[in-house]
Amino acid sequence: MNLMTTPTIWILFPLLLSILLIAIHRLHKLSIWLACLGSLLLAVAAFIFPQNLDFSLGGRNFLFDDTFLILNRSLTLTGSQLRTVAMLYLFSFLWNIAGLRFSVSRWFPSISLAITALWVSTLAVDPFLYAALIVELIVLISVLLLTPRGEQTGSGVMRYLVSQTIAMPFILLSGWMVAGIESAPSASTLILRGAVLILIGFALWLAIFPLHSWMPMLAEKSHPWVFSFIFLMQQTSLSIFLLKVLDQFAWLRNLAGVFPALQWAGVLTLLAGGVLASLQTKVNRILAYMIMIETGYSVLAIGLIGQGGGEAFALSLLPRALAYWQWSYTLSSIQQIEPEIDGSFTSLQGLFARLPIHSTSLIISLLGLLGLPALGLFPAKRMLWNSGAGLTFHYTPLLGLAVAGMALFIIRLIHTLLTTNLQSPSHALPTKREESVWQIFVLCFVTLLSLLFGIFPHIFLNPFLGLLETFIHLLPPS
Amino acid sequence: MNETLRTITVVVLLLATAINLVRRQWAINILALGLQYICFFLIILDVRSPLLAAIKLIVGLMVTLMLYLTVVSSGLIESLLRPQRPTAGEVFRGTIALLLVLISFLAGAGLQQSAFPQSSQLLLTASLGLILFGLFQMGTITEPLYLVIGLLTFLSGFELLYASLEFSRVLEALFTAVNLSLALVGSYFIVKDVESRSA
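Residues numbered from 1 in each chain as written. Chains lettered and ligands numbered in written order. Predicted model: local features only at pLDDT ≥ 70, side-chain atom pairs only at ≥ 80, totals over all residues. Heavy atoms only, no water.

Q: Any chance you could break down the overall build of chain A for me, citing the residues and the numbers?
A: Within chain A, the secondary structure is distributed over 20 helices and five strands. For 478 residues, the compact-globule estimate of 2.2 N^0.38 gives 23 Å, and the C-alpha radius of gyration of chain A, at 22 Å, lies within 12% of that figure. For chain A, the spread of C-alpha atoms along the principal axes amounts to about 70 × 55 × 45 Å. Scored against the burial criterion, the 478 residues of chain A give a buried share of 60%. (Helix = DSSP H or I, 4+ residues; strand = E, 2+ residues; numbered from the N terminus. Rg over C-alpha atoms; globule rule 2.2 N^0.38 Å. Buried < 20%, exposed > 50% of the residue type's maximum accessible area, 1.4 Å probe, protein only.)

Q: Quick one: what's the story with the overall build of chain B, residue by residue and with numbers?
A: Within chain B, the secondary structure is distributed over seven helices and zero strands. In summary, chain B has a C-alpha radius of gyration of 17 Å against a globular reference of 16 Å for 199 residues, a match within 12%. Taking all 199 residues of chain B together, 54% fall into the buried category. When the 11 basic and 10 acidic side-chain charges of chain B are each reduced to a single mean position, those positions are 5 Å apart. (Lys, Arg positive; Asp, Glu negative; His and termini not counted. Charge placed at Lys NZ, Arg CZ, Asp CG, Glu CD.)

Q: Please set out the environment of L243 of chain A residue by residue, giving values where relevant.
A: Mapped onto the elements, L243 of chain A comes out in helix α9 (residues 224-248). Put simply, L243 of chain A and I305 of chain A are 62 residues apart on the chain and 9.3 Å apart in space, counted from C-alpha to C-alpha.

Q: Could you give me a rundown of the interface of chain B and chain A, with the residues and numbers involved?
A: Taken together, the contacts link 34 residues of chain B with 31 residues of chain A. When chain B packs against chain A, close to 3,000 Å² is buried across both sides, 77% of that on carbon and sulfur atoms. Applying the counting rule to chain B against chain A returns zero salt bridges. Inspection of the chain B/chain A interface yields six residue pairs in polar contact (both at pLDDT 80 or more). Mapped by element, the contributors of at least two residues to the side of chain B that touches chain A are α5 (121-140), α6 (144-163) and α7 (169-198) of chain B. It is α7 of chain B that provides the largest number of residues to the side of chain B that touches chain A, a total of 15 residues. Here the side of chain B that touches chain A is built from residues that sort into 24 nonpolar, six polar and four charged. (Contact = heavy atoms within 4.5 Å. Buried area = accessible area lost by both parts, 1.4 Å probe. Salt bridge = Lys/Arg side-chain N within 4 Å of Asp/Glu carboxyl O. Polar contact = N/O pair within 3.5 Å; in protein donor to acceptor, adjacent residues only side chain to side chain. Nonpolar A, V, L, I, M, F, W, Y, C, P; charged D, E, K, R; others polar.)

Q: Talk me through the side chain of E338 of chain A; I want residue IDs and the actual numbers.
A: The residue E338 of chain A is located in the loop between α13 (309-337) and α14 (345-348) in this model. Among the polar contacts made by the side chain of E338 of chain A, one reaches the side chain of R354 of chain A at a distance of 2.9 Å.

Q: Describe the sheet that holds strand β4 (residues 73-76) of chain A, with residues and values.
A: Residues and elements named next belong to chain A. If you walk across this open sheet you meet the three strands as β3-β4-β5, and the pairing is antiparallel. Each edge of the sheet is formed by a strand with only one pairing partner; in this case those strands are β3 (67-70) and β5 (125-126). Judged from the two bridges that link them, β4 and β5 form a sheet pairing that is antiparallel. Across the sheet, L75 pairs through a bridge with V125, a residue of β5. (Pairing = 2+ DSSP bridges.)

Q: How would you sum up the environment of E338 of chain A? Please name residues and give values.
A: Taking the relative accessible area as the measure of exposure, E338 of chain A reaches 1% and is therefore buried. For E338 of chain A and I440 of chain A, which are 102 residues apart along the polypeptide, the C-alpha to C-alpha distance reads 16 Å.

Q: Can you explain the pattern of salt bridges? Please cite residues and give values.
A: Counted according to the given criterion, the structure contains 11 salt bridges over all chains. We note a salt bridge from K282 of chain A to E220 of chain A, for which the minimum N-O separation is 3.1 Å. Taken as a pair, K282 of chain A in the loop between α11 (258-278) and α12 (283-303) and E220 of chain A in helix α8 (residues 214-221) lie far apart in primary sequence, 62 residues in all. A residue is classified by how much of its surface remains accessible, and K282 of chain A, at 29% relative accessible area, is partly exposed. With relative accessibility at 28%, the residue E220 of chain A sits in the partly exposed group. Note that E172 of chain B and R48 of chain B form a salt bridge whose closest N and O atoms lie 2.9 Å from each other. Of the two residues, E172 of chain B is situated in helix α7 and R48 of chain B in the loop between α2 (26-44) and α3 (50-74); the sequence distance between them amounts to 124 residues.

Q: Summarise helix α4 (residues 88-114) of chain B; cite the residues concerned and give the values.
A: Compared with the 39 Å implied by 1.5 Å per residue over 27 residues, the 38 Å span of α4 of chain B between its first and last C-alpha is a close match. Those residues of α4 of chain B that sit buried are E90, R93, I96, A97, L100, S104 and G108 of chain B. (Expected span 1.5 Å × (residues − 1).)

Q: Any chance you could break down the pairing of β3 of chain A for me, citing the residues and the numbers?
A: Residues and elements named next belong to chain A. Note: β3 against β4, four bridges, orientation antiparallel. Across the sheet, the residue bridging to L69 is S74, located in β4. Counting the residues between successive antiparallel strands, the hairpin from β3 to β4 contains two residues, one of them, L71, with a positive phi of roughly 50°.

Q: Could you give an account of the nonpolar core, naming the residues involved and the relevant values?
A: Core analysis: the biggest nonpolar cluster contains 211 residues, and L172, F227, F231, W327 and L413 of chain A have the highest contact counts within it. For this core, the leading source of residues is α13 of chain A, giving 16 residues. Not counting residues up to four positions away in its chain, the partners in contact with F231 of chain A are L146, Y160, W214, M215, L218 and I291 of chain A. Judged by nonpolar contacts, the second largest core, of 23 residues, contains V22, C39, F40 and A163 of chain B. (Core = buried A, V, L, I, M, F, W, Y, C linked by side-chain atoms within 4.5 Å.)

Q: Explain the packing of α13 of chain A against helix α16 (residues 356-370) of chain A residue by residue, including any values.
A: Residues and elements named next belong to chain A. The geometry of α13 relative to α16 is characterised by a closest axis approach of 9 Å and an angle of 155° between their N-to-C directions. It follows from the interaxial angle that α13 and α16 lie roughly antiparallel. Considering the relative orientation of α13 and α16, their crossing is left-handed. Contacts from A323, Y324, Q326, W327, T330, L331, S333, I334 and I337 in α13 reach H358, S361, L362, I364, S365, L366 and L369 in α16. Considering only residue class, the contact of α13 with α16 consists of 10 nonpolar, six polar and no charged. (Axes fitted to C-alpha atoms, helices over the stretch in contact; angles between N-to-C directions. Parallel < 35°, antiparallel > 145°, perpendicular 65-115°, else oblique. Left-handed = near helix turned anticlockwise from the far one by under 90°.)

Right, here's the structure in full:
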């Protein structure tokens, strides 16, 4: 068995490390630092690793293989995929480094590392259909983090488990059904069935409207820090996996109606997310709608892959992660400083007077996700809005409604944060600044990063366009 | 195994699954789950070698044992012999169970013709029955034990179907891992529920 392979470094090693972290989970700080160090090293290594996998160290050359064979099946991580791997481990690092501050589960470091390694394996496994079972394993591991200690298991987590389990057979059956039908005419019934099964499977996985009902329920009960990490990883990895499937199978990408179907699914999901967000009165649930809207944008971008959607997708990955990080960090920090805040609008009234930087950070992260000019996601969203409007006028009013819904929620939140209700129990708290210098620094730094991403996308975001190099059939090099 | 024995096995399998859907008595449900895995083993022998089929049986019985031990340690298990009059819910679920069995037997042939010609009709009936019962159980119940039984039933149905279509050792290993993890998650949910009730 050849162990000098890329999957050994970025899949097997982190899995072994996560097992070690499970063994030392009682030493919480040590396990967090080890998870941070491991994730950072893996991210940096993936980023600087030569594309031809020929690594030189101390005058010696080490040629790594990109394929790890296991029971006649393979895990393949090519040089061009390593940027995606670097990004996933960077996310793991970012969530672990700040996780120390919040009272999340002791298992977070080990499970987050295992989840990252398993998501990398879904992108590496060949044939692709085995990824369905790996995703199911990730879901089963995730639910341990998503259920808060000392509370009854909520129906959100159960629906999540059911929904993701039902998705698995769709992907497995589609893989079996279309095996070796590359040469069949595109109108073949088998191809049509296979395509429908794959799309339903992805719709269940990604919580595409109307299959999203579990998401707000889960967000309400889970810790925002854990929820944002798990669903950022899921959203990012599954979107890249969908691109990989489309790139790999000509029968799927050449089937008439696949890309328009993806466009409509994306538009309807972000419309539903926007409209439902506008009606919310609990900030904990908003994270679910934000993820839903961003999933809608990702699917729309994949649907518009021939009209610049690919670039928009790649440009959105880092700013989106940063916005989720900022929102969940701020919300977790607020709930840690004032534990009586339960996430309802009533409990947040007048918060600006007590925690001005936190309140501003909440609003900035939402404005970033809305696509406000000068913030990180604007370049990607502008491309999508233009591409969507250029393709058909049907999308424009729906996209406008979705953005308006989100904007309405932000205005309501600003009003709540600024208004002091004399009857509110939180009003009885002494009006004093409880924000530490460190918290203020972190929140200001993240806001500054978001601004830099938005103002200088060509410097900070253009390197992410390299993620698309893997998809040579879908986006042929010009 | 001759056709009559295979038919009897499928009937017993669907009966055990129906008991899990209809009856809400933990001891009976766990026994029915064990019986379900034994019948599953006998049916999957048609498409798998005895050794591979035995692995499925062992995993199934381990899953059942894990759930049984969790339920026993939580102190919530009731006597098997406790008399209990059928409730309106049980009568409703019983009617649904009859309907699902009927659908499974009627749809087996059609499914074989239209989508899975290489699978036997009885296997398809068993598989469809398990999938339908599992889906119905998952859709109507929020109690952790029944939800996990529903998920395991659904997975068994799909495993049975997939076993008749394709064979891969990696896939078998992954299915085993998923089944065991599901049982662990189920046990975790049950323990959490008991803890939160006693808190």
